[in-house]
Amino acid sequence: MTLEITSLNVGGIRSAMRKGMDGWLKAASPDVLCLQEVRAPAEVAEPFWPGRESCQSVSRFKGRSGVAVASLLPITASREGLDGLVEDTHTGRWIEADLALPDGSELTVVSAYVHAGEVGTVRQEHKLTFLDVMTSRLEELMAGGRDAVVCGDFNVAHREADLKNWKGNLKNSGFLPEERAVLTSWFTDLGWVDVGRVLAGEREGPYTWWSWRGKAFDNDTGWRI
């Protein structure tokens, strides 16, 4: 059985649809969509993916964050947020959906949006706290023995191959040693698999985010986050 799962940071679902996401969605029609930065309440976002079951976590800050899973497969259960994170700044960043697969088994799919962070600010503290609690949840999922896929915008480039200008970002949020160590623990201590790296092989990229500045996209000067 093949299951196509697509993860997108849409930067606002209404804006993405105005820019042509609806046409792409009809043409690509992935089985499961994991969305970040939806930036809309459920009643606004759901009409944009007709024929799909969905679950969402909406930020308590209007027009901010927001994650969703929209699926052509039945969603049997969903869970919002992470235990231990009660501040408003952590809302709209984690949603789990249990999907009923055609062979009778279940798959848990997660859409996560980790804080962007900024060195020397409280935003970085929020990011590290979120990553710490996220690690605990990943450990629980692994211990539970069920199949799971965690997608999203983690705002961390794990290795030098994951961003073009890694030397210039050694002291910037997104490539700090303490952030990268968290991801290393997922793949070494907890046993999770970096599917993107497995499929791409040992090479630079492929990148998932590019700055709006200069010609970063044209020159493929990006990050895999």
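Bear in mind the structure is a predicted one, so any value in this text is a computation, not a measurement.

Criteria and thresholds
- Residues numbered from 1 in each chain as written.
- Predicted model: local features only at pLDDT ≥ 70, side-chain atom pairs only at ≥ 80, totals over all residues.
- Heavy atoms only, no water.
- Helix = DSSP H or I, 4+ residues; strand = E, 2+ residues; numbered from the N terminus.
- Rg over C-alpha atoms; globule rule 2.2 N^0.38 Å.
- Buried < 20%, exposed > 50% of the residue type's maximum accessible area, 1.4 Å probe, protein only.
- Axes fitted to C-alpha atoms, helices over the stretch in contact; angles between N-to-C directions.
- Parallel < 35°, antiparallel > 145°, perpendicular 65-115°, else oblique.
- Contact = heavy atoms within 4.5 Å.
- Nonpolar A, V, L, I, M, F, W, Y, C, P; charged D, E, K, R; others polar.
- Pairing = 2+ DSSP bridges.
- Phe/Tyr/Trp six-rings, centres within 6.5 Å; stacked < 30°, edge-to-face > 60°.
- Disulfide = S-S within 2.5 Å.

## A look at the overall build of the chain
Secondary structure assignment for the chain yields 6 helices and 10 strands. Whereas a compact globule of 225 residues would reach a radius of gyration of roughly 17 Å, the chain reaches 17 Å, a difference of no more than 12%. Structurally, the chain occupies a C-alpha span of about 45 × 40 × 40 Å along its principal axes. The buried share of the chain, reckoned over its 225 residues, is 45%.

## A word on the packing of helix α4 (residues 122–144) against helix α5 (residues 177–188)
Close contact between α4 and α5 brings their axes to 11 Å; oriented N to C, the two are set at 5°. Viewed along their axes, α4 and α5 adopt a mutual orientation that is roughly parallel. Across the interface between the two elements, Gln 124, Lys 127, Leu 128, Leu 131, Met 134, Thr 135 and Leu 138 of α4 pack against Glu 178, Glu 179, Val 182, Ser 185 and Trp 186 of α5. Here the residues of the contact of α4 with α5 are counted per class, giving 6 nonpolar, 3 polar and 3 charged.

## Side note on the sheet that holds strand β5 (residues 75–80)
Reading across the sheet, the 4 strands line up as β5-β6-β7-β8 and stay open at both edges, with mixed pairing between neighbours. Edge strands, defined here as strands with exactly one partner in the open sheet, are β5 and β8 (148–153). Across the sheet, the mean angle from the axis of one strand to that of its neighbour is 15°, orientation sign disregarded. The pairing of strand β6 (residues 94–100) with strand β7 (residues 106–113) spans 7 bridges and is antiparallel. From the neighbouring strand, Ala 100 faces β7, where its bridge partner is Glu 106. Where α4 meets the sheet, its contacts fall on β5, β6, β7 and β8, and the angle it forms with β6 comes to roughly 20°.

## Quick word on the packing of aromatic side chains
Enumeration over the complete set of coordinates arrives at 3 aromatic pairs. Where Phe 154 meets Trp 186, the ring centres are 5.7 Å apart and the plane angle is 85°; that geometry is what we call edge-to-face. In this pair, Phe 154 is assigned in the loop between β8 and α5 and Trp 186 in helix α5, connecting sequence segments 32 residues apart. The exposure class assigned to Phe 154 is buried, which follows from its relative accessible area of 14%.

## Some thoughts on the sheet that holds strand β4 (residues 67–71)
Each strand in a sheet pairs with its neighbour through backbone hydrogen bonds, running either in the same direction (parallel) or in the opposite one (antiparallel). Read from one edge of the open sheet, 4 strands run β1-β2-β4-β3, paired in mixed fashion. Of all strands in the sheet, those with a lone pairing partner are β1 (5–9) and β3 (53–57), marking the two edges. Averaged over neighbouring strand pairs, the angle between their axes works out to 10° when direction is ignored. Pairing between β3 and β4: 5 bridges, direction antiparallel.

## Here's the deal with the state of the cysteines
Going through the model one piece at a time under the given rule, you end up with 0 disulfides. Not part of a disulfide, Cys 34 finds its nearest cysteine sulfur in Cys 151, a span of 4.0 Å. Since its relative accessible area comes to 12%, Cys 151 is described here as buried.

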